[in-house]
Amino acid sequence: MLKHGILGLLNYGDMTGYEIMTVFRDSLNYFWQAQTSQIYRELQGLEKNGWIKSTHIKQENKPNKNLLSITEEGKKELVAWLKDDNSKSFMRNPLMMKTFFRGECSIDENIDYFKNLPERETVFPEGIENAKAISSEYQKYAPDPLKALYWKFTIDFGIRYEQLLREWSEQCIKTLEEIKNENTDN
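Conventions we followed
- Residues numbered from 1 in each chain as written.
- Predicted model: local features only at pLDDT ≥ 70, side-chain atom pairs only at ≥ 80, totals over all residues.
- Heavy atoms only, no water.
- Salt bridge = Lys/Arg side-chain N within 4 Å of Asp/Glu carboxyl O.
- Helix = DSSP H or I, 4+ residues; strand = E, 2+ residues; numbered from the N terminus.
- Core = buried A, V, L, I, M, F, W, Y, C linked by side-chain atoms within 4.5 Å.
- Buried < 20%, exposed > 50% of the residue type's maximum accessible area, 1.4 Å probe, protein only.
- Contact = heavy atoms within 4.5 Å.
- Polar contact = N/O pair within 3.5 Å; in protein donor to acceptor, adjacent residues only side chain to side chain.
- Patch = residues over 30% accessible without salt bridge, like charges linked within 9 Å, V, L, I, M, F, W, Y side chains within 5 Å.
- Areas by Shrake-Rupley, 256 points an atom, 1.4 Å probe, with all protein chains shown as cover.

I'd like a rundown of the pattern of salt bridges, residues and numbers included.
As enumerated under the stated definition, the model contains four salt bridges in all. Residue E72 is joined to K75 by a salt bridge in which the shortest nitrogen-to-oxygen separation is 3.9 Å. One end of the pair, E72, and the other, K75, are both in helix 4 (residues 72-83), three residues apart, so they sit about a helical turn from each other.

Right, dumping it as structure tokens:
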């Protein structure tokens, strides 16, 4: 999926690898993390597949740079991936794996765990307002303002996810505190 994220970014316009990393960090990183090395490895594969091309640009008084652009084949691949409704997204969530085995910890440890969970698992470490501002800033890269609407949809999902996580954590804490109170009453 990382390769398709990169193709999606290049579909908005030509960028250097550094610019891709910056835009990725400011947008896609809210829901899909990737290291610099992973992005550069994907760029090599995308170029090998003929989905992107690189143009070497010589610069005076600055290091030379490679400007990357999506090819027609790359656009076809991006659209094919977007239209593929048959591929399932399997949820692989470390949070759920840890929660499943939390019975190995004490009730007090688990109450603390759930109290701190919403802050630790935030989608927007720099804050929701910052995410909205960055989304607005990057709208200038969208060739069509309607396309930027989908960025808003993604931020809205993140906001709802955080709300769900807070409510779920509160319910877990409430249940654990009830069990703890029952055990101290006996």
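Please set out the nonpolar core residue by residue, giving values where relevant.
I6, L10, I20, I39 and L43 are the most contacted members of the largest nonpolar core, which has 29 residues in total. Put simply, the parts of the chain that give this core at least two residues each are helix 1 (2-12), helix 2 (17-26), helix 3 (36-48), strand 2 (65-70), helix 7 (128-138) and helix 8 (145-185). Considering every element that reaches this core, the biggest residue donor is helix 1, with five residues. Excluding residues within four positions of it along the chain, I6 makes contact with I20, I39, E42, L43 and L46. Formed by nine residues, the second largest nonpolar core is a distinct cluster that contains I111, L117, L165 and C172.

Before we move on, could you go through the side chain of T71 and cite the residues and values that matter?
The residue T71 is located in the loop between strand 2 and helix 4 in this model. Of the polar contacts made by the side chain of T71, one reaches the backbone nitrogen of G74; its length is 3.0 Å. Apart from the residues lying within four places of it in its own chain, the contact partners of T71 are G50, W51, I52 and K53.

I'd like a rundown of a nonpolar patch on the surface, residues and numbers included.
Taken together, L146, L149, Y150 and F153 make up a surface patch of nonpolar side chains, about 390 Å² in accessible area. Here Y150 lies in helix 8. Residue Y150 is classed as partly exposed on the basis of its relative accessible area of 48%.

Can you lay out unusual backbone geometry for me, pointing to particular residues and giving the numbers?
The residue N61 is not glycine, and still its phi comes out positive at about 65°. Checked against the element boundaries, N61 lands in the loop between strand 1 (52-57) and strand 2.

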